[in-house]
Amino acid sequence: MSNTSTTVSATANETTAFAGLETRGAHAWFGKHHALRDISLTFPARTVTGIIGPSGCGKSTFIRLLNRMHEFIPGAAMAGSVLLHGNDIYEPTVDAAEVRLKVGMVFQKPNPFPAMTIRENVLSGIKLAHLKRPNHDDIVENCLTRAGLWKEVKDRLGASGGSLSGGQQQRLCIARSLAVEPEVLLMDEPCSALDPGSTLRIEETIKELAEKITVIIVTHNMQQASRVSDYCAFFLTDGGPGYLVEADSTRKIFTNPSDPRTADYVQGKFG
Amino acid sequence: MTVIYNREDKIFRGVVTGGALTSLIVLGLIGVFLFMRGAQIFGDKGIQFITGTNWTAGSGDGVIPDDFSIGAMLVGTIVVSLIALVIAVPLAIGGALYLEFYAPRRIRRTLVTLLDLAASIPSLIFGLWGIEIFTGFGERWAVLINNWLGFIPIFSVEFDNFGRSPFIAGCVLGSLIIPITTSVAREVYSRTPRDLVDTCYALGGNKWGALRAVVIPYGKSGVIGGAMLGLGRALGETVAVYLLLNLVFRYNFRILESEGGNVASLIATKFGEATEYELNALVAAGFVLFLLTLVVNMTATTIVQRSTPRA
């Protein structure tokens, strides 16, 4: 057993060397409500990290800290730092819009822009951020392919995004996020509104994406976390601010966690 | 499938159904009354009643015959209302976007209250403001428009008299309908799903980008509906137009020219001293206006309903 744990920590140390994203002592508040307490976590580049924990423990708040979406909520505040390639994204000189180009996000409910076609949806980020990119056709094909949707929609790119099924819409949203070439993709329970078949397709997509980018996924679904993630971070709240119980390789979290509360949660004893 | 109601439900159902039907019945009776009183005119004049431009009360002995038609007033109604829309809609959209997306919370609350207050100011007050204060500015603007754009027929004038024109009446009507139009537009914009706006930010867009990509297209049909509600009010506006425009019975498409009128102000002007037959003609004019506003309002309702987001 001691053998296993050494291997894991060795792997962890090794990957830390090319860490993509890291938080150090991150706190979050909504007005006077302290929502998150002292989260220090490292997300190795080109891996999938699952953020798990019961409702209300600050998982979504945490990932919204990672691309500065947190600050859109009136009264929101944070402390600590979030480092992308070692640079703090909360430095006063940093443009939040540029951060969000590098750290993309997919939301819980599939939400393609209703007034746009499939093609326009994929290209919307490029237009919104005023990026100069040639070969829009290639971008559309490339992003839809990576999101696993190309074959299904290649003959109807002019159709409205809303005409797709829920699972297809969510993959369109993933393609839309990929078009601005993010290095990190945040996913906030991307499958919670989808049927099992669509969920499986999205999970395959996530694994393929992790060959090139870092994926951080919030999920309520333990099986999903164990299927798609390389690492897992378990959050909890005792009524106060959410905190990190432990973070480790997914295999260790699910088979031999250090903290008994993690074991109870992943075995479905609460949550 | 039959729905079974218990006694309490039945009573309440009866009360609310009665309430709802009452307004329909009243509306129907108004329509029937207007049509019956006006029927004689429609019979006598036919389509001429809404295309002709004459409003002459006869001498009674047949030497000068009665001749009533409302073509000029209908054109005046539509021209003045369109000017009001052209002025009000952009300002209302800008105001609504400001209130919903830019204004600090405290300023927003104050402005929304003021806006609701403005919506309830009687149009007479707007008319007086138009005559006493606005006309001075409006005339100067009209001169400028005429100088620069006078080569376009609608901005040309026959006489160099810029007061009491459809343009000025339209501006005042525009101010009159800005509050209601802004209010509806704000309501529609506030229903934009938050996560669509968030998505724009998450894709590296700024606020303007989010407004253009999501909020404005999303609210488009709702805003059109709000504009139609404003249009409905402008079409039927009586007092303000009565105060601001000289009734001249001829087709006038030159909006800076000092002549015009609309159907509602025609009725208000002529009603007091009308003969029995002229009264029937005025009621017939009222029926035409009634139909026009009914159609506009029904269109507005349909558009607003269609724009209600599907959950």
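Description of the structure in this document.

About the thresholds
- Residues numbered from 1 in each chain as written.
- Chains lettered and ligands numbered in written order.
- Predicted model: local features only at pLDDT ≥ 70, side-chain atom pairs only at ≥ 80, totals over all residues.
- Helix = DSSP H or I, 4+ residues; strand = E, 2+ residues; numbered from the N terminus.
- Buried ≥ 20, exposed ≤ 12 C-beta atoms within 10 Å, placed from the backbone.
- Axes fitted to C-alpha atoms, helices over the stretch in contact; angles between N-to-C directions.
- Parallel < 35°, antiparallel > 145°, perpendicular 65-115°, else oblique.
- Left-handed = near helix turned anticlockwise from the far one by under 90°.
- Contact = placed C-beta atoms within 7 Å.
- Nonpolar A, V, L, I, M, F, W, Y, C, P; charged D, E, K, R; others polar.
- Expected span 1.5 Å × (residues − 1).
- Bend = angle between axes of the 7 residues up to and from the residue.

Summing up its helical and strand segments, chain B has 11 helices and 2 strands in all. With the C-alpha coordinates of chain B rotated into their principal frame, the extents come out at 80 × 65 × 30 Å. By the burial criterion, 41% of the 311 residues in chain B qualify as buried.

This paragraph deals with the packing of helix α7 (residues 166–178) of chain A against helix α8 (residues 196–209) of chain A. When two helices pack together, you describe them by how their axes are tilted relative to each other and by the distance separating the axes. All names here are of chain A. Interaxial distance between α7 and α8 falls to 9 Å at its minimum, and their mutual angle equals 20 degrees. Considering the angle they form, α7 stands roughly parallel to α8. Classified by chirality, the crossing of α8 by α7 is right-handed. Along the contact surface, α7 presents Gly166, Gly167, Gln170, Arg171 and Ile174, while α8 presents Ser198, Arg201, Ile202 and Thr205. Within the contact of α7 with α8, the residues separate by chemical class into 2 nonpolar, 5 polar and 2 charged.

Now for the interface of chain B and chain A. Contact with chain B, which involves 17 residues of that partner, is made by 19 residues of chain A. Contributions of two or more residues to the side of chain B that touches chain A are made by α7 (194–202) and α8 (207–236) of chain B. Considering each element in turn, the side of chain B that touches chain A owes the most residues, 7 residues, to α7 of chain B. Of the residues contributing to the side of chain B that touches chain A, the split by class is 10 nonpolar, 5 polar and 2 charged.

Working note: α-helix, 3.6 residues per turn, so residues spaced by three or four point in the same direction. Spanning 32 residues, helix α3 (residues 71–102) of chain B covers 45 Å between terminal C-alpha atoms, matching the ideal 46 Å at 1.5 Å per step. Within α3 of chain B, the axis deviates most sharply at Ala88 of chain B, by approximately 25 degrees, and proline Pro90 of chain B lies no more than four positions further along.

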